Each structure stands twice: as C-alpha cells, then as structure tokens.
Amino acid sequence: MQQASPPEIFDRHRRRALQVRAMHRSQRRQFLWDILFDDVADRLACTTRDFESCLIIGPLACRAEELTAGKAGAVATLTIADEDRLDLSAEEYDLIIAAGTLDSVNDLPGALIQIRRSLRPDGLFLGAMFGAGTLTSLKKTMLTADGEKTTAHIHPQIELRSAADLLSRTGFALPVADKIGYDVRYSSWKTAVADLRDAGLGNCLAGHRRYLGRDYPQKLDMAWAQQAGDDAKVTERFEFIHLSGWAPSPDQPRPAARGSGKVSLATTLGKTGL
C-alpha cells in the first residue's frame, strides 16, 4: 500500500516568494545569516578532512566560496529550493550543507533522506534551522493583539531532542544535534519583522489569511510596549538548531556491542569514591 504524503503545512509559493523578494529587498548583510555563517564555518573548520564535491542549500549559498575555503573542491549551490523535492543523483556529494530554511520544509524527514542518499559513503551533512524558543516575544505580542480570535502567525518549531531523533531515523550515522541561542534587543516589533523579511523569512503557512483589522498595528504597538524594559526595548530570542551526520560507511567507528564491557559501572564508581 502506498504511504500517504505528509500534509502541506507550508505554502510552497509563498515560501519561494519570500525568499525571492528578500534577494531584491535589501543590499545590506543580514545579521541572522552572518551568525549562521560563523557557526557553520566554525563547525566545518573543525572537521579534520577535506571534501571533493560540496552542495550548499539555502541563504549561505551566496557565500559558498568563503564558507568552504580550503575545505572543498567543486562547490554547487541552491540558494532557493524545495529541500524535500531535490532532484539529486545518488552519492553525488561528499559534503552537503543545508542551513537557514529547513524549519519551513513540508516533509523534513523526506528532505533529510534525500540529502543522505545524495551523499557518498562517509559523506558529511551539516544542517541548521530555527528551533523551539525562537521569536518568543513576537509570538506573545501577536497573541495578545489577536485577543479572542487567535491566528497562526509563526511556524511550528522543532525541539532539539526531536531533531536529534530525526537524524537517526533518516539513516545518518554518528548523528549530533545541538542548539545555540542569541538575544537581540528591539525597540519596535516593526524592526523585528523587517529583519525577518530582509532574511527571506516570514509567515508562509498554508491556508486562508484572516483580515486582522485596520487597528491591528496599534494593538501590536501596545502589546509590544507591555514587554519593554526600562530602555523601552524588548529582548527577542533566536534559537539555531545545528545538525550533523554522516552517510553510513563500513570504515566508520561503531559503538561497542551491548554487554561487551569488562568493567562494571558500579566497580568504577566504587574506586573513585562517588
């Protein structure tokens, strides 16, 4: 029996339109992608091997040469793509980086499976996306402004543990997931929204958009002011979940077989006096 496709939570046309519009919206560097670039570059620099063929998916693709300097030979890029509909050959790359947009993919498990299949044995995947805890202040502001007629404005966000489990479920070896948070102080919700739009982010949830009323911006102003500190600013949170995993290979280290240990934990703790 054919397995049912996952529901389309995100509108693919809206998602692409946000990303295309961002490419023409502003010439200034986006601080969110600068943060993400530094994080991914550090992780790649710590990898003790070089790569022959690399694919970069997402907003970091525009800085591909800088990101992979000294670590990768041939580099292909996909600045805008549906990660769960990639048309890639099997075992085509030994490094794939997908950062910045995985949080709005309709079929994230499917996307990760496609990425893993496109890696050569012992190829590396580095991924990053916004996780749970991101935009808490903006969420609270919109919830307050909505009143009794609550509307979905911000995407559902994945938890760190779920992201780690997903790597294992989709066939990656040596999976690792961790989270890094950043706080930004904003004097207005409008500035926060402008930063998101400049980065190609925004509400691309599928479905009808309810009219919020002419006074909705004023309601947002009041709700935002309620959270402001003495400096009239509100702290907004951005949580980046970083993923890494390797395409399975016979040469990779494997955990010891269950029951093969020769010294018990109780004996070890007894010797240390704990």
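Residues numbered from 1 in each chain as written. Predicted model: local features only at pLDDT ≥ 70, side-chain atom pairs only at ≥ 80, totals over all residues. Heavy atoms only, no water.

As recorded in an unreviewed UniProt entry, the protein chain goes by the name Methyltransferase domain-containing protein, listed as coming from Sphingorhabdus pulchriflava.

(A) How the structure looks around the packing of aromatic side chains. Summed over all chains, the structure comprises 6 aromatic pairs. With 6.2 Å between their ring centres and 85° between their planes, Phe31 and Phe238 make a pair best called edge-to-face. Taken together, the residues span a long stretch of sequence, with Phe31 in helix α2 (residues 31-45) and Phe238 in strand β6 (residues 234-246) at a distance of 207 residues. Overall, Phe238 belongs to the buried group, its relative accessible area being 2%. (Phe/Tyr/Trp six-rings, centres within 6.5 Å; stacked < 30°, edge-to-face > 60°. Helix = DSSP H or I, 4+ residues; strand = E, 2+ residues; numbered from the N terminus. Buried < 20%, exposed > 50% of the residue type's maximum accessible area, 1.4 Å probe, protein only.)

(B) Representation of the sheet that holds strand β4 (residues 119-130). The mixed open sheet is built from 6 strands, whose spatial order is β2-β1-β3-β4-β6-β5. Either end of the sheet is taken by a strand with one partner, and the two such strands are β2 (72-78) and β5 (173-186). Going from strand to strand, the sheet's axes swing by 15° on average, the running direction of each strand aside. Direction of pairing for β5 relative to β6: antiparallel, over a ladder of 12 bridges. The residue of β6 that forms the bridge with Gly181 is Glu239. The sheet strands contacting α2 are β1 (51-57), β3 (93-99), β4, β5 and β6, and the helix crosses β6 at an angle near 30°. (Pairing = 2+ DSSP bridges. Axes fitted to C-alpha atoms, helices over the stretch in contact; angles between N-to-C directions. Contact = heavy atoms within 4.5 Å.)

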